[in-house]
Each structure stands twice: as C-alpha cells, then as structure tokens.
Amino acid sequence: MRSSVSKRAGVLRTAAAALSLTTAALLAGCASADTTAQSSSDQSTFKPATQKDGSQITVWADSTRLPSVQAYQKAHPDVKMDIVTYDGGADGSTYLQSKVQLFDRTGSGWPDVVFGSPTDVTWASEPTKPGAQPFAAPLDDKLVPQNTLDGFAKGSLTPCQFNGHTYCLRNDIAQVVLWYNKSLMDKWGYQVPTTWEEYEALGKQVAKEHPGYLVGSVGDTNSHESYFWSGQCPAFDLVKPDTLRTDLQDPNCTRTAKLLDGLIDAKAVTTKGFFSQGFAKDSGSKVLMAYGPSWYGQYLFKAAFKTPAKQIAAAPPLTWQGETKAATGNVGGGVWMVSSHSANLKASTDLVTWLTTSDENQASAPTYPAYTKAAQAWLKNPANSDYFAGDVSGAFEQAADEVWTGWSNTKFSDATAWSSVVLPALTAGKSLTGTLPAWQQEISNEAKAHGYKVENK
C-alpha cells in the first residue's frame, strides 16, 4: 500500500487500482466502436519472437502489485522470473514509454510483463517508430481465451482495445457509487437518493437543516471523473482513433455543471478536495454523502476520515429523472500488458491471467477486481466488507457494469486540464458552468499537442 492516502488517490485516478494508478486517466475510456469491432484475424500483424520454453521472464510491477507477483512466483517455483519494481505508469510518468522507445532503438531489453495505466496502452498498442512492432501483444490473438476475456466486467476492457485487438488485461476498476453515512441519514430521517434531482434537493435541504455538512466535493484532481464522467459528458470522446470530440456545451455537461453550481452555492458541495491538506481533520466527520469510486470506503472514509465502522454504506449510481439506465464513472484501475517481444509468451500470459482473474490473488487485492468472478470472491472477503453499515456488493456489482464507455482512453491524462484550469477557477469563486469553455479549450489544446484532430460539437 502507498504510504499515504493522498498519494493513492492520485495514483488511482489514471490508472489505478489497488492503491495505485491515478486518475487518470484513468480512466477507462477507449477507442471508437468502429475500431474495436474489427475482427482480430483481419487486423492481426503480430509476429511472436522465437519462443524458448522455460526461459526467464522479466516482470515490471509497482510496489503495490509487487506482493502479488511474488506470490505467483512462490506458487509457481518452476517459472524463472526477474522481478523489477518501478513506478507502474503512475499518472504523468513517461518512464515506461521512454524505456520502450530506447529498447526499440537498440533491439533488446524489453520486459516480458508490465503493470501500467490505461494511458500506457494508447502508445503500447502502436509502433514507437516506423518498422517497430507495438510493445503490447494482442492478448486476444491466441494468447488469452475469449471466454476469459468475456469474464471481465462490462466495458472494463475497453481501455485495452485498439485496432480490433485487446492489448491488456484490467487489474481493477474504480466504479463510482453513492457513498453515504447511514447512521446520520437514519438519525435525520433522510432517504437515500436514487436520482440526481433527489441528490440535489437533499443536498440543499442538508445545507439548511445541518449547515456545514456536505454531500460531495469537486475539489480533487479526479472529481470530474466522478461527476462529469457519470453524467455522460462528452469531454473525452474518441469518435475515431485520431479524432477526439470534446463538447462541454453538450446538455449532459451543462446539466451536471448547473446541478453542482447550485450545490456549491448552497455550501453542500465543497470546492476543497477530500484529499486536500487539513480537510480530513476539519471536515471529514461532516461528509454525509460522497459520489465517488469504490475505493472511497476503505481509503477515504476509513483511512483518511477515520469514520467509525458500521456507519458508511454504498448505493448504486444515480440516474436522471426520465432516464431508466444509469451510467457511472471510473476513478482508477491499472492494467497488465505482455510484451510482443517476449520469448516466453506462455509463462507471461499465464502470469497476467493469474494476477487479474484468480481468486487466490484477487480476493485479497486492495481494490475491486475487474474480473467478475474474482470480484465476487473479493466481496466475500471480510476485510473488504466488515467495515460497512450494510452489504455493499449490490451497489458495487451494479456499478461495475454501468461504467460509461464514452469517456475515452487518450494519450494524455484527463486530469491535467481539470487541475490546471477548473480547480483554480473554483477556488477563485467562479462557477463550473462559466468555466466550461476554458476547460474545453485546454482539453482541445492538449489533444492537438498529442496529435489528435478535435471536434467541438
């Protein structure tokens, strides 16, 4: 586990996961449906290296996943492994990409297995230079059975999919749910909201009847993933592999901004980050509700706020009135990739499959597994459930299949523009609605700098 909850929150955003990858960008967007729909056989250009059965595999993992890799080694002593600890593709890090570019130039040095963020897959699924082979092996091309791929939560492999292939296995997800303090809700006679409109009304009621208590925050570097991603706002929508649509005047964006502006004005939603310095001490005990990722329970309420056990509960994602299907966001989740240059694809693939799908590993993982059966084992682990006021499995399982895939996995973090443009504006007292044009412009600038064409409608 990371040394601090704040660091973990950062890491989980982009990629996140066990206490891990940041926002990122995490987050879970992807290439267009047209791209992912292409057949594997038509698109396959994968040329495996000469295979050497029993040869040593080199594994790069972050410190959070290191114990899992070591556990695999202990359970499989015949597999020769060289385990290296690195930053795991943490948000903003280009270490892995730079190293792969170097290895592509020298023609050697590639690790066989790496842990990273979804953002890493955007470049790892393409050649780093003319004539090079993409670093990540297409796992759906005779490496991982289709029935295994089908076992992951709906949409969770979307960030892994480019050019008709699946280039990674998702380690974990951070689906957004509605967290609430059941003890206080019961004491004050409040009903848990099921719609955004009910959430807004309750927030304003709380502000009047219990000043100082909060129903959310927009002040963290990943807050937009909880609210605007859940609101199906097309801020990061890859309509083509090289074309990003970012339209923050879309009704789904403006209604979300308007709702939050009203709650900010009522002082029911704070512009201070949950993970900002001093917040836990000053206001942690006054968070009545929080719309955020599945790891909030353990790492926000329990670890940061130190809320006593049996008070915090989770409810499924909110819907808008008149809409029957819920959609939610994702604030974290890491991935495992196998190198296309590996001389022992069998051992490498077996490792990433075990790490992501086995109950043996995932039942005790720090965060919610992306593989459905492993997630069920995780939920049955008392360490992941005893703290809560009720059974969180229903909310978690429902949300895991409702993450909106219209928020795409791009070559740049979705957190940068929010952090550099929106958060300072909120701190200065400006409205979210009024800041949407500047946020959109900054996203567009980043996209163009990374080679994307941009559509604003």
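Since the model is a prediction, treat every value here as computed from it, not as a measurement.

### Some remarks on the overall build of the protein
For the protein, the helix and strand inventory stands at 19 helices and 15 strands. Relative to its 457 residues, the protein shows a buried fraction of 60%. Taking the contacts inside the protein whose residues are at least 6 apart along the sequence as the reference set, 75% of them involve residues at least 24 apart. Carbon and sulfur atoms provide 49% of the accessible area of the protein, an area that totals close to 17,700 Å².

### Details of the pairing of strand β14 (residues 335-338)
Every other side chain in a regular strand lies on the same face of the sheet, so the side chains alternate between the two faces. Of the two faces of β14, the one lined by Val335 and Met337 and the one lined by Trp336 and Val338 are each fully buried. In the sheet, strand β3 (residues 113-116) pairs with β14 via four bridges, with the strands oriented antiparallel. Of the residues in β14, the one forming a bridge with Phe115 is Trp336. Judged from the two bridges that link them, strand β6 (residues 169-170) and β14 form a sheet pairing that is antiparallel.

### A few points about the sheet that holds β14
Within a sheet, adjacent strands bond to each other through the backbone by hydrogen bonds, running parallel or antiparallel. With mixed pairing, the five strands of this open sheet are ordered in space as β2-β1-β3-β14-β6. A single partner strand is all that each edge strand has here, and the edge strands are β2 (81-85) and β6. Sheet topology note: the strand β1 (residues 57-61)/β2 ladder contains five bridges and is parallel. By the bridge assignment, Val59 is partnered in β2 with Ile83.

### Focus: the state of the cysteines
Within the structure shown, the criterion is met by two disulfides. Residue pairing for Cys160: its cysteine sulfur links by disulfide to Cys168, the two sulfurs lying 1.8 Å apart. Taking the torsion about the sulfur-sulfur bond, which here is approximately -95°, the covalent link between Cys160 and Cys168 counts as left-handed. Exposure class is identical for Cys160 and Cys168. Each is buried. Across the disulfide, Cys233 is cross-linked to Cys253 (sulfur-sulfur distance 2.0 Å). Its torsion about the S-S bond being 95°, the disulfide of Cys233 and Cys253 is classed as right-handed. Placement of Cys233 in the loop between α10 (223-227) and β9 (237-240) and of Cys253 in helix α11 (residues 251-265) is noted, with a sequence separation of 20 residues between them.

### Some details on the packing of aromatic side chains
Under the criterion given, the structure shown has 37 aromatic pairs. Here the aromatic rings of Phe274 and Phe305 are separated by 5.9 Å at their centres, their planes lie at 80°, and the arrangement is edge-to-face. Of the two residues, Phe274 is situated in the loop between β11 (269-270) and α12 (279-283) and Phe305 in the loop between α13 (296-302) and β13 (312-315); the sequence distance between them amounts to 31 residues. In this structure Phe305 comes out as buried when scored by relative accessible area, which is 8%. Taking 5.7 Å as the distance between ring centres and 85° as the angle between the ring planes, the aromatic pair formed by Phe301 and Phe305 counts as edge-to-face. Take Phe301 and Phe305: they sit in the same class, and that class is buried.

### Notes on the confidence of the model for the protein
Averaged over every residue, the pLDDT of the protein is 90; residues scoring 70 or more account for 89%. Confidence over residues 1-43 falls short of pLDDT 50; this stretch has 196 contacts with residues more than four positions distant or in other chains.

### Describing the pattern of salt bridges
Under the criterion given, the structure shown has eight salt bridges. Note that Arg65 is salt-bridged to Asp62, the shortest N-O span being 2.6 Å. A salt bridge links Glu200 to Lys204; the nearest nitrogen and oxygen atoms lie 3.5 Å apart. In this pair, Glu200 and Lys204 both sit in helix α9 (residues 196-209), four residues apart, roughly one turn of the helix.

What counts and how
- Residues numbered from 1 in each chain as written.
- Predicted model: local features only at pLDDT ≥ 70, side-chain atom pairs only at ≥ 80, totals over all residues.
- Heavy atoms only, no water.
- Helix = DSSP H or I, 4+ residues; strand = E, 2+ residues; numbered from the N terminus.
- Buried < 20%, exposed > 50% of the residue type's maximum accessible area, 1.4 Å probe, protein only.
- Contact = heavy atoms within 4.5 Å.
- Areas by Shrake-Rupley, 256 points an atom, 1.4 Å probe, with all protein chains shown as cover.
- Pairing = 2+ DSSP bridges.
- Disulfide = S-S within 2.5 Å.
- Phe/Tyr/Trp six-rings, centres within 6.5 Å; stacked < 30°, edge-to-face > 60°.
- pLDDT = per-residue confidence, 0-100.
- Salt bridge = Lys/Arg side-chain N within 4 Å of Asp/Glu carboxyl O.

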